[in-house]
Amino acid sequence: MARSPNVDPSGRPDGQEPDEFWENLYRKHAGNAAVWGTRVNPLLVETATGLTAGTALDLACGAGGDTVWLARRGWHVTAVDISTTAVDQIRGLAQEAGLGDRVTAERHDLARTFPDGTFDLVSAQYFHTPFTLPRAEILRTAARSLRPGGRLLVVDHGSIAPWSWNQDPEARFPAPDEIHAELGLPASTWGIERADTPARLATGPQGQTATVVDHVLVVRRQGPPPRP
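Structure report, in brief. (Residues numbered from 1 in each chain as written. Predicted model: local features only at pLDDT ≥ 70, side-chain atom pairs only at ≥ 80, totals over all residues. Heavy atoms only, no water.)

Concerning the packing of aromatic side chains
Thought 1: Under the definition given, this model contains one aromatic pair.
Thought 2: The interplanar angle of 70 degrees and the centroid separation of 5.3 Å between the aromatic rings of F21 and F131 together place this pair among those described as edge-to-face. Of the two residues, F21 is situated in helix α1 (residues 18-28) and F131 in the loop between β4 (119-125) and α5 (135-144); the sequence distance between them amounts to 110 residues. The residues F21 and F131 share a single accessibility class, namely buried. (Phe/Tyr/Trp six-rings, centres within 6.5 Å; stacked < 30°, edge-to-face > 60°. Helix = DSSP H or I, 4+ residues; strand = E, 2+ residues; numbered from the N terminus. Buried < 20%, exposed > 50% of the residue type's maximum accessible area, 1.4 Å probe, protein only.)

Shown next, in the form of structure tokens:
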């Protein structure tokens with residue numbers, strides 16, 4: 001993953017720890033829809049529409065747009081983020097929307113802890129960070145938390161938008177098959193349902209638009225989902 005332009009030799013942006021960095025960022029812009037927004041990510045909509053609602057895990061949930069969208073459609077969602085401010089914001093959004101009974105928001109530094117439970121859908125949308133992160137290990141744990149028939153959706157950047165914090169022209173974006181290979185999941189248990197690089201018209205925080213590429217991987221745990 002590409003790093004932020006303000007990274008010191010230790011690998012920490014401005015010398016901060018990950019929790020401090022993200023908490024300061026969310027606290028600074030808490031409630032500012034122009035910065036974070038609460039729109040649902042389109043590839044989550046594309047993947048989850050038509051699925052039977054069950055239990056979902058929203059990894060690095062940020063402002064909570066995906067969590068609220070899923071909860072409105074009957075999913076019981078565990079939303080996790082490293083920022084306490086982000087977690088508190090999602091709890092507030094869920095309560096305001098009358099979805100408090102469908103949303104559990106937890107603070108986790110996923111490099112150290114992972115939420116309990118099993119899930120029918122795990123969503124990792126743009127799970128990038130300027131810090132060193134055992135990303136493959138975290139996503140592997142996420143895949144193992146799936147119930148039979150459950151899906152892990154990983155959506156990564158495949159190009160640089162004009163509003164991206166990373167404007168490094170040398171940045172490289174691993175392809176979906178590379179991401180899958182890093183996970184090391186046995187094909188007998190986890191099969192690839194989708195691995196492609198679609199382009200779409202995206203809207204930035206200030207309303208600007210640009211065509212961007214996403215790298216999409218959907219892994220499905222083999223076997224039928226358990227009966228209710």
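Focus on the side chain of H180
Thought 1: Within the secondary structure, H180 is located in helix α6 (residues 176-183).
Thought 2: When near neighbours in sequence (up to four residues on either side) are disregarded, H180 contacts I192, L217 and V219. (Contact = heavy atoms within 4.5 Å.)

Focus on the pairing of strand β5 (residues 146-157)
Thought 1: Burial of β5 is extensive: nine of the 12 residues sit out of reach of the surface.
Thought 2: In this sheet, β5 lies alongside β4 in parallel orientation, the contact comprising six bridges. Each residue of the ladder has a partner; that of S123, found in β5, is L153.
Thought 3: Regarding topology, α5 serves as the crossover connection from β4 to the parallel β5, and that connection is right-handed. (Pairing = 2+ DSSP bridges. Right-handed = clockwise from strand over helix to strand, strands pointing away.)

Here's the deal with the packing of α5 against α6
Thought 1: Where α5 contacts α6, the two axes come as close as 8 Å, and the packing angle between them is 75 degrees. The pairing of α5 with α6 is recorded here as roughly perpendicular in orientation. Of the residues in α6, those in contact with R135, A136, L139 and R140 of α5 are I179, E182 and L183.
Thought 2: Split by residue class, the contact of α5 with α6 holds four nonpolar, no polar and three charged. (Axes fitted to C-alpha atoms, helices over the stretch in contact; angles between N-to-C directions. Parallel < 35°, antiparallel > 145°, perpendicular 65-115°, else oblique. Nonpolar A, V, L, I, M, F, W, Y, C, P; charged D, E, K, R; others polar.)

Thoughts on α5
Thought 1: All buried positions along α5 are accounted for by R135, I138, L139, A142 and A143. End-on, the buried residues of α5 take up no more than an arc of 140 degrees, which puts them together on one face.
Thought 2: Packing partners of the buried residues in α5 comprise β1 (55-59), β4, β5, α6, β6 (190-196) and β8 (209-221). (Arc of directions from axis to C-beta.)

Points about the side chain of D66
Thought 1: Its location among the elements puts D66 in helix α3 (residues 65-72).
Thought 2: In this structure, D66 is buried with no salt-bridge partner, the nearest side chain bearing the opposite charge being R39 at 9.4 Å. (Lys, Arg positive; Asp, Glu negative; His and termini not counted. Salt bridge = Lys/Arg side-chain N within 4 Å of Asp/Glu carboxyl O.)

Concerning α6
Thought 1: Considered for burial, the residues of α6 that qualify are P176, I179, H180 and L183. When α6 is viewed along its axis, its buried side chains cluster within an angular range of 100 degrees and face the same direction. Opposite the buried face of α6, at more than 90 degrees from it, the exposed residues are D177 and A181.
Thought 2: On its buried face, α6 is in contact with α5, β5, β6 and β8.
Thought 3: Note on α6: the residue one or two positions beyond its end, G184, has a positive phi of about 60 degrees.

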